[in-house]
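# Secondary and tertiary structure notes
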2 protein chains.
Amino acid sequence: MSSLHFWFEFASTYSYPAAMRVEARAAAAGTTVVWRPFLLGPIFQDQGWNDSPFNIYPAKGRYMWRDLERLCRKEGLPLRRPSRFPRPSLLAARVACVGAEEPWGPAFVRAVYHANFAEDRDIADPDVVGAILATLGLDAAALAERAQRVEIKARLRASTDEAAALGIFGAPSFVVDGELFWGTDRLDDALAWARGARP
Amino acid sequence: MSSLHFWFEFASTYSYPAAMRVEARAAAAGTTVVWRPFLLGPIFQDQGWNDSPFNIYPAKGRYMWRDLERLCRKEGLPLRRPSRFPRPSLLAARVACVGAEEPWGPAFVRAVYHANFAEDRDIADPDVVGAILATLGLDAAALAERAQRVEIKARLRASTDEAAALGIFGAPSFVVDGELFWGTDRLDDALAWARGARP
């Protein structure tokens, strides 16, 4: 049984429903999740974009917000459209790097997505990230300090480089034994791949 | 029960599996398909693209071909990667306009997709389109003549304008009572919408 690598970006809209359900769905399929925070910004820049394609291409953006609304209703997830999109995700992504192998990591990831997409809170604000950590019973000041260390900054950069090398061009993406699946609606296919069902 | 409007472009890769299964899936769901050929070229041009985004963005293109391969295997559809992509689809789309309300229309659409994506035949070639029509037992010469009439040209242009007005930015797209669904993997959602399951 292969593990499911879940590549996510906190600003990414479709990563929100994926992040909220990936752990439970993977557990039901008998596999585990490896949480892989990365930044889409540098990858988009390589494609010549300095903004989300959902902002650059208005028809695509209008459709995405409507589609996300339907998807969240279907999955019973609250959604409040962020008043700023995309929100800078660097700080939260660095904290997620710190938490990637810690027991609190998954809960932190879900709490950040909930703040951004269900509560319209500014996840770029250190106070908001600190409040999320505190709510999880963690030492916000100590973790914020760790998140800004050189080795964490380098780890997030290396992860983003690794994402590009894996062929990742959007989020969420799932990788199982090097096989890439893009989009929240490919989660079941990725889990089938992890179970060895490879058509 | 609302009908399912299926908006397709013959050059579009993901429209291939959608076209092959849409009629059977709609029938199983108790609804009917309205076949809506259109051209993506003018819509892509409005987004600043003079080629398929799968060619403009290589990582996206590499992923798409792999994803399409998995998808076709899963659905038991043959796939041979076209040696030219995207293939000019104007002639085939005009014939599809002629056939849109004829009994042979759906079979023609499927045959064109099969030629392009399972046999690597050049659907831009009038001889290939003629051969497809002949195989269906139709008068190829008469239909080719009809397809080039002013009113058919105008109908295809009007359909493409209508697609843009509906918010369509890619193919395949499904529209049910004005509600837009994009992508072959949204077919079930569109059919649920047609059945009145609207979350």
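Let us look at the overall build of chain A. Each helix and strand in chain A was counted, giving 10 helices and 4 strands. The linear arrangement of helices and strands in chain A, starting from the amino end, is β-α-β-α-α-α-α-α-α-α-α-β-β-α. Scaling as 2.2 N^0.38, a compact globule of 199 residues should have a C-alpha radius of gyration of about 16 Å, and chain A matches this with 16 Å. Considered along the principal axes of its C-alpha atoms, chain A spans approximately 50 × 40 × 35 Å. A total of 199 residues make up chain A; the buried ones form 53% of that total. Long-range contacts, defined as pairs at least 24 residues apart, comprise 72% of the intrachain contacts of chain A with a sequence gap of at least 6. Here chain A displays about 8500 Å² of accessible surface, and carbon together with sulfur accounts for 51% of that area.

Bringing the environment of N55 of chain B into the picture now. Residue and element names in this part refer to chain B. Here N55 is to be found in helix α3 (residues 53–56). Once residues within four sequence positions are removed from consideration, N55 is found in contact with F85 and P86. In this structure the side chain of N55 is engaged in a polar contact, spanning 3.0 Å, whose partner is the side chain of D51.

What follows concerns the nonpolar core. F10 and F108 of chain A together with F10 and F108 of chain B are the most contacted members of the largest nonpolar core, which totals 136 residues. Leaving out residues up to four positions away in the same chain, F10 of chain B has contacts with S89, A92, A93, A96, F108, V109, V112, Y113, N116, F117 and I123 of chain B.

Moving on: the packing of aromatic side chains. All names here are of chain A. All chains considered together, the criterion is met by 42 aromatic pairs over all chains. Look at F8 and W35: their rings are 6.0 Å apart centre to centre, the planes differ by 80 degrees, and that puts the pair in the edge-to-face class. Note that F8 is positioned in strand β1 (residues 4–8) and W35 in strand β2 (residues 33–37), a separation of 27 residues in sequence. When sorted by exposure, F8 lands in the same class as W35, which is buried. Pairing W49 with Y57 gives two aromatic rings, centres 6.4 Å apart and planes at 80 degrees, and the pair type is edge-to-face. Residues W49 and Y57 agree in their burial class; the two are buried. Through a chain of ring-to-ring contacts, the aromatic side chains of F6, F8, F10, Y16, W35, W104, F108, Y113, F117 and F174 assemble into a single cluster.

Turning our attention to the relation of the copies chain A and chain B. With an axial shift of 0.0 Å and an RMSD of 0.0 Å, the rotation relating chain A to chain B amounts to 180 degrees. What the superposition gives is, in effect, a two-fold axis relating one chain to the other. Every residue of chain A has its C-alpha some distance from the rotation axis, and the shortest such distance is that of D185 of chain A, at 3.9 Å. Interface overlap between copies: 100% of the residues of chain A at the interface are likewise at the interface in chain B, consistent with a symmetric, same-surface contact.

Residues and elements named next belong to chain A. In this structure, P172 follows A171 across a cis peptide bond, with omega equal to 0 degrees. Mapping P172 onto the fold places it in the loop between α9 (150–165) and β3 (173–176). Residues other than glycine seldom take positive phi values, yet D120 does so here, at roughly 55 degrees. Looking at the element boundaries, D120 is found in the loop between α6 (105–117) and α7 (126–135). What makes D120 partly exposed here is its relative accessible area of 22%.

All right, on to the interface of chain A and chain B then. The figure often quoted for interface size is the accessible area lost as the parts come together. Each partner contributes to the interface: chain A provides 23 residues, whereas chain B provides 23 residues. With both chains or domains summed, chain A and chain B bury close to 2400 Å², and 51% of this area falls on carbon and sulfur atoms. On inspection of chain A and its partner chain B, the count reaches 10 salt bridges. One salt bridge in this structure joins D185 of chain B and R186 of chain A, with 2.6 Å as the shortest N-O distance. Our count for the chain A to chain B interface comes out at 17 residue pairs in polar contact (both at pLDDT 80 or more). Elements with a contribution of two residues or more to the side of chain A that touches chain B: α4 (58–75), β4 (179–182) and α10 (187–194) of chain A. Take the side of chain A that touches chain B: its biggest share by element is 8 residues, from α4 of chain A. Of the residues that constitute the side of chain A that touches chain B, the class distribution is 11 nonpolar, 2 polar and 10 charged.

For the rest of this paragraph, the subject is the sheet that holds strand β4 (residues 179–182) of chain B. Residues and elements named next belong to chain B. Reading across the sheet, the 4 strands line up as β2-β1-β3-β4 and stay open at both edges, with mixed pairing between neighbours. Looking along the sheet, the strands with just one partner apiece sit at the ends: β2 (33–37) and β4. Across this sheet, the average inter-strand angle for adjacent strands is 25 degrees, counted without regard to direction. When strand β3 (residues 173–176) meets β4, the two strands line up antiparallel, connected through 4 bridges. Residue F174 lies in a different strand from β4, and its bridge partner there is F181.

Once that is clear, we can look at the packing of helix α1 (residues 15–28) of chain B against helix α6 (residues 105–117) of chain B. Residues and elements named next belong to chain B. At a closest axis distance of 9 Å, the pairing of α1 and α6 adopts a crossing angle of 150 degrees. As judged from the angle between their axes, α1 and α6 are roughly antiparallel. Where α1 crosses over α6, the two elements pack in a sense that is left-handed. Contact with α1, carried on its side by S15, Y16, A19, M20 and E23, involves P106, V109, R110, Y113, H114 and F117 of α6 and no other residues of that element. Grouping the amino acids of the contact of α1 with α6 by side-chain chemistry returns 7 nonpolar, 2 polar and 2 charged.

Cut-offs applied
- Residues numbered from 1 in each chain as written.
- Chains lettered and ligands numbered in written order.
- Predicted model: local features only at pLDDT ≥ 70, side-chain atom pairs only at ≥ 80, totals over all residues.
- Heavy atoms only, no water.
- Helix = DSSP H or I, 4+ residues; strand = E, 2+ residues; numbered from the N terminus.
- Rg over C-alpha atoms; globule rule 2.2 N^0.38 Å.
- Buried < 20%, exposed > 50% of the residue type's maximum accessible area, 1.4 Å probe, protein only.
- Contact = heavy atoms within 4.5 Å.
- Areas by Shrake-Rupley, 256 points an atom, 1.4 Å probe, with all protein chains shown as cover.
- Polar contact = N/O pair within 3.5 Å; in protein donor to acceptor, adjacent residues only side chain to side chain.
- Core = buried A, V, L, I, M, F, W, Y, C linked by side-chain atoms within 4.5 Å.
- Phe/Tyr/Trp six-rings, centres within 6.5 Å; stacked < 30°, edge-to-face > 60°.
- Least-squares fit on C-alpha atoms with pLDDT ≥ 70 in both.
- Buried area = accessible area lost by both parts, 1.4 Å probe.
- Salt bridge = Lys/Arg side-chain N within 4 Å of Asp/Glu carboxyl O.
- Nonpolar A, V, L, I, M, F, W, Y, C, P; charged D, E, K, R; others polar.
- Pairing = 2+ DSSP bridges.
- Axes fitted to C-alpha atoms, helices over the stretch in contact; angles between N-to-C directions.
- Parallel < 35°, antiparallel > 145°, perpendicular 65-115°, else oblique.
- Left-handed = near helix turned anticlockwise from the far one by under 90°.

What is shown is where atoms sit, not what they do.
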